[in-house]
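# Summary of the model geometry
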Amino acid sequence: MATITVAETPLVRYALARADDALILGHRLSEWCGHAPMMEEDMALANIGLDLIGQARALYTYAAEAEAAGNDEDRYAYWRDVRQYRNLLLVEQPNGDFARTILRQFFYSAFADPYWRAMTASTDPTLAAIAAKSEKESAYHLRHSAEWVIRLGDGTNESHDRSQDAVEELWPYTGEMFLPDEGEAELVRQGVAVDAESLRETWSRTVVAVLAEATLAAPPAGWSQRGGRDGRHSEHLGHLLSELQILQRTYPGANW
């Protein structure tokens, strides 16, 4: 089996996109295990990664129920190819140095926290329940990453320069978070989904305040990378999936 077929109704696609965000970023954080600058941070990054993978599992399970086509969380994770993934380009970017990892996490968490808080009011009871749990986790993720952004930005000359480089390199990927996806408008009208554009001001206010305290400069608004929601990814996702999926693709049907 090379890949699976997914019947992407607007609801299934919406759940898969958010699950893919969480799975891919969680996998990226898992790459830090044993490599973080201190033991406490090694554990913190691993726990944030586990939170995200837990969110992904809940959303994949719900997508499978909504699709009702025999797929499940494992099939979505291990048997879709690159073009079937709907995650943001931001989360698939390589870890780079510690500053880059922290800025990537901060930019994402500054969006995820208000997003999940708003989603607790979803008219879909399953998504609302997932959001209630995820918001508590994302609030910690935001606080943790923001504290590190301030520490690195307002630290040594080297940590400041590395952080500023990370801001400038990752900034073009942040605009995609607020772009509407295919079929999303009707879900927003029904109260199932949140209009991501409505979160832009909250995100900007949080990001600008933290960067200012960190003595880091926010780049001017401009052109944004996009395409992840439509399956147009950077080369980095293919390399990531080759690691994530190798066991199932080498030994189909293997289980613990």
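What counts and what doesn't
- Residues numbered from 1 in each chain as written.
- Predicted model: local features only at pLDDT ≥ 70, side-chain atom pairs only at ≥ 80, totals over all residues.
- Heavy atoms only, no water.
- Helix = DSSP H or I, 4+ residues; strand = E, 2+ residues; numbered from the N terminus.
- Rg over C-alpha atoms; globule rule 2.2 N^0.38 Å.
- Buried < 20%, exposed > 50% of the residue type's maximum accessible area, 1.4 Å probe, protein only.
- Areas by Shrake-Rupley, 256 points an atom, 1.4 Å probe, with all protein chains shown as cover.
- Lys, Arg positive; Asp, Glu negative; His and termini not counted.
- Charge placed at Lys NZ, Arg CZ, Asp CG, Glu CD.
- Core = buried A, V, L, I, M, F, W, Y, C linked by side-chain atoms within 4.5 Å.
- Contact = heavy atoms within 4.5 Å.
- Salt bridge = Lys/Arg side-chain N within 4 Å of Asp/Glu carboxyl O.

Looking at an unreviewed UniProt entry, one finds the chain named Phenylacetate-CoA oxygenase subunit PaaI, with Inquilinus limosus as its source organism.

What follows concerns the overall build of the chain. Scanning the chain from terminus to terminus reveals 11 helices and zero strands. Against the 2.2 N^0.38 benchmark of 18 Å for 256 residues, the chain shows a C-alpha radius of gyration of 18 Å, consistent with a compact globule. Referenced to the eigenvectors of the C-alpha coordinate spread, the extents of the chain come out at roughly 55 × 45 × 30 Å. For the chain, the proportion of its 256 residues judged to be buried stands at 52%. For the chain, the exposed area adds up to about 11700 Å²; of that, 56% sits on carbon and sulfur atoms. Put simply, the chain has 23 plus and 39 minus side-chain charges, and the middle of one group is 3 Å from the middle of the other.

Right, let's talk about the nonpolar core for a bit. In terms of nonpolar packing, the biggest core is built from 75 residues, with Tyr60, Leu103, Phe106, Phe107, Val149 and Trp203 touching the most fellow members. Broken down by element, this core gets its largest block of residues, 13 residues, from helix 5 (residues 98–119). Setting aside anything within four residues of it in sequence, one finds Phe107 in contact with Leu90, Val167, Leu170, Trp171, Thr174, Met177, Trp203 and Val207.

Scanning the model with the defined rule gives 20 salt bridges in all. Where Arg205 meets Glu201, a salt bridge forms, and the shortest distance between an N and an O atom there is 3.5 Å. With Arg205 and Glu201 both in helix 9 (residues 200–213) and four residues apart, this pair spans about one turn of that helix. Salt bridges sharing partners connect three or more residues here, namely Glu8, Arg13, Arg86, Asp181, Glu182, Asp230 and Arg232.

Attention shifts here to unusual backbone geometry. Non-glycine residue Ala68 carries a positive phi angle of around 55°. Along the polypeptide, Ala68 turns up in the loop between helix 2 (39–67) and helix 3 (73–78). For Thr215, which is not a glycine, the phi torsion comes out positive at approximately 60°. Mapped onto the elements, Thr215 comes out in the loop between helix 9 and helix 10 (235–244).

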